[in-house]
Amino acid sequence: MKKIFFILIAALTVSNACKQVKTKSAEDTEQTVAAEKYVGEEPTKPEATEVYEPVPPKVTVNGNGVPSDAIILFDGSGFDEWVHVADSTAVQWHLNKDGSMTVKDQAGFIQTKRNFGSVQLHLEWKSPAEVKADGQNRANSGVFLQSRYEVQILDNNDNDTYVNGQVGAIYKQSVPLAMASRPTGEWNTYDIIFHAPEFGMSGKKMKSGTITVIHNGVLIQDHYELEGTTEYIGWPKNIPHGKAPIQLQDHRDNSRVSYRNIWVRELD
């Protein structure tokens, strides 16, 4: 009798488990389609889910890796796209014979003449081969999106510092996923995807900005959601703003950082 009782209990347990599995499976199936546009009767023919517009614009890439729809911000020929931040005067940074530019110590930040929103930004930079300082004073510069959100540039080779201020950091906000710098004195690349924050009519932030950074082919910032502006002291701020220039930093400590091949694609 006991044997029959245990067999019945086991059978009921298996039956309930099967019901639970079936119920879970059905719930999972219902949740696999979340987008509002996928409602009604599901299509049964492949052509019912094919679309033919909008047709993406054709973009070609030249031998230097520059897309045909890019705005060239610096190609070594001059500073036509840039001014000094302080007074909008002509750039006084060093223009080098190799097609690069180098920060002129104490000259101040420079910024683009144009204002930008969401962008794909490419730039190349290098620290000086001759090491003269350490910590935050070794080849410190940075690129500021919309004049407010900084991706750090620093020579961190055998040069430790606070990790939310090291090379590739979203300064004082996001530690990079990896340190991918090339040896001191060699050229590095940054490819940055920036989506600008959105503000409502009242000035309230409706959507945070995001930054993705690829450093020498290595993903180091993965769609990081900005908490607000870059602040050296204090918390990030979220004061409403629109499109704004891209800035390059003079850290005012003889950083001697150089830049070349800067271009941008507008994403909005």
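### Focus: the side chain of Gln 249
- Assignment of secondary structure puts Gln 249 in the loop between β14 (247-248) and β15 (258-266).
- For Gln 249, the contacting residues outside a window of four places in its chain are Trp 93, Val 103, Phe 109, Asn 140, Ser 141, Gly 142, Phe 144 and Glu 150.

### Some details on the pairing of strand β9 (residues 188-195)
- With seven bridges joining them, strand β6 (residues 119-126) and β9 adopt antiparallel strand pairing. The residue of β9 that forms the bridge with Glu 124 is Thr 189.

### Points about unusual backbone geometry
- Residue Pro 54 is bonded to the preceding Glu 53 through a cis peptide linkage, with omega at 0°.
- Relative to the elements of secondary structure, Pro 54 occurs in the loop between α1 (2-31) and β1 (71-74).
- Despite not being glycine, Arg 252 has its phi angle at roughly 60°, a positive value.
- Residue placement: Arg 252 occurs in the loop between β14 and β15.
- Overall, the relative accessible area of 44% leaves Arg 252 in the partly exposed class.
- Notably, Arg 256 is not glycine yet its phi reads approximately 60°, a positive angle.
- As for its placement among the helices and strands, Arg 256 is situated in the loop between β14 and β15.

### Here's the deal with the side chain of Arg 256
- Buried and unpaired, Arg 256 has Glu 130 as its nearest opposite-charge partner, separated by 4.2 Å.
- A polar contact of 3.1 Å, which involves the side chain of Arg 256, links it to the backbone oxygen of Glu 130.
- At 3.3 Å, the side chain of Arg 256 and the backbone oxygen of Asn 254 are in polar contact.
- Sequence-distant contacts of Arg 256, that is, excluding residues within four places in its chain, are made with Thr 102, Lys 126, Pro 128, Glu 130 and Lys 132.

### Some thoughts on the packing of aromatic side chains
- Overall, the coordinates contain six aromatic pairs when judged by the stated rule.
- Taking the centre distance of 5.6 Å and the plane angle of 45° together, the rings of Phe 109 and Phe 144 count as tilted. One end of the pair, Phe 109, is in the loop between β4 (101-102) and β5 (110-112); the other, Phe 144, is in strand β7 (residues 141-145), and 35 residues separate them in sequence.
- Accessibility expressed as a relative area gives 25% for Phe 109, which makes it partly exposed.
- Judged by relative accessible area, which is 9%, Phe 144 ranks as buried.

### What to know about the nonpolar core
- Grouped together as the largest cluster of nonpolar side chains are 40 residues, with contacts concentrated most on Leu 121, Ile 211, Tyr 259 and Ile 262.
- For this core, the elements supplying multiple residues, two or more each, are β1, β6, β7, β8 (149-153), β9, β12 (210-215), β13 (218-225) and β15.
- When residues of this core are assigned to their parent elements, the largest contribution, four residues, is made by β6.
- Ignoring any residue separated from it by four or fewer positions in sequence, one finds Ile 211 in contact with Leu 145, Tyr 149, Val 151, Ile 170, Ile 192, Ile 193, Phe 194, Gln 221, Asp 222, His 223, Tyr 224 and Leu 226.

### Description of the confidence of the model for the protein
- Looking at the protein, pLDDT values average 91 and 87% of them are 70 or higher.
- Low pLDDT, under 50, characterises residues 2-12; the predicted model gives this stretch zero contacts beyond four residues in sequence or across chains.
- Predicted confidence for residues 17-24 stays below pLDDT 50, and this span has zero contacts to residues more than four positions away or in other chains.

### Re a nonpolar patch on the surface
- The grouping of Tyr 162, Tyr 232 and Ile 233 at the surface amounts to a nonpolar patch, some 380 Å² of accessible area in total.
- Tracing the backbone through its elements, the reader meets Tyr 162 in the loop between β8 and β9.

Procedures and definitions
Residues numbered from 1 in each chain as written. Predicted model: local features only at pLDDT ≥ 70, side-chain atom pairs only at ≥ 80, totals over all residues. Heavy atoms only, no water. Helix = DSSP H or I, 4+ residues; strand = E, 2+ residues; numbered from the N terminus. Contact = heavy atoms within 4.5 Å. Pairing = 2+ DSSP bridges. Buried < 20%, exposed > 50% of the residue type's maximum accessible area, 1.4 Å probe, protein only. Lys, Arg positive; Asp, Glu negative; His and termini not counted. Salt bridge = Lys/Arg side-chain N within 4 Å of Asp/Glu carboxyl O. Polar contact = N/O pair within 3.5 Å; in protein donor to acceptor, adjacent residues only side chain to side chain. Phe/Tyr/Trp six-rings, centres within 6.5 Å; stacked < 30°, edge-to-face > 60°. Core = buried A, V, L, I, M, F, W, Y, C linked by side-chain atoms within 4.5 Å. pLDDT = per-residue confidence, 0-100. Patch = residues over 30% accessible without salt bridge, like charges linked within 9 Å, V, L, I, M, F, W, Y side chains within 5 Å. Areas by Shrake-Rupley, 256 points an atom, 1.4 Å probe, with all protein chains shown as cover.

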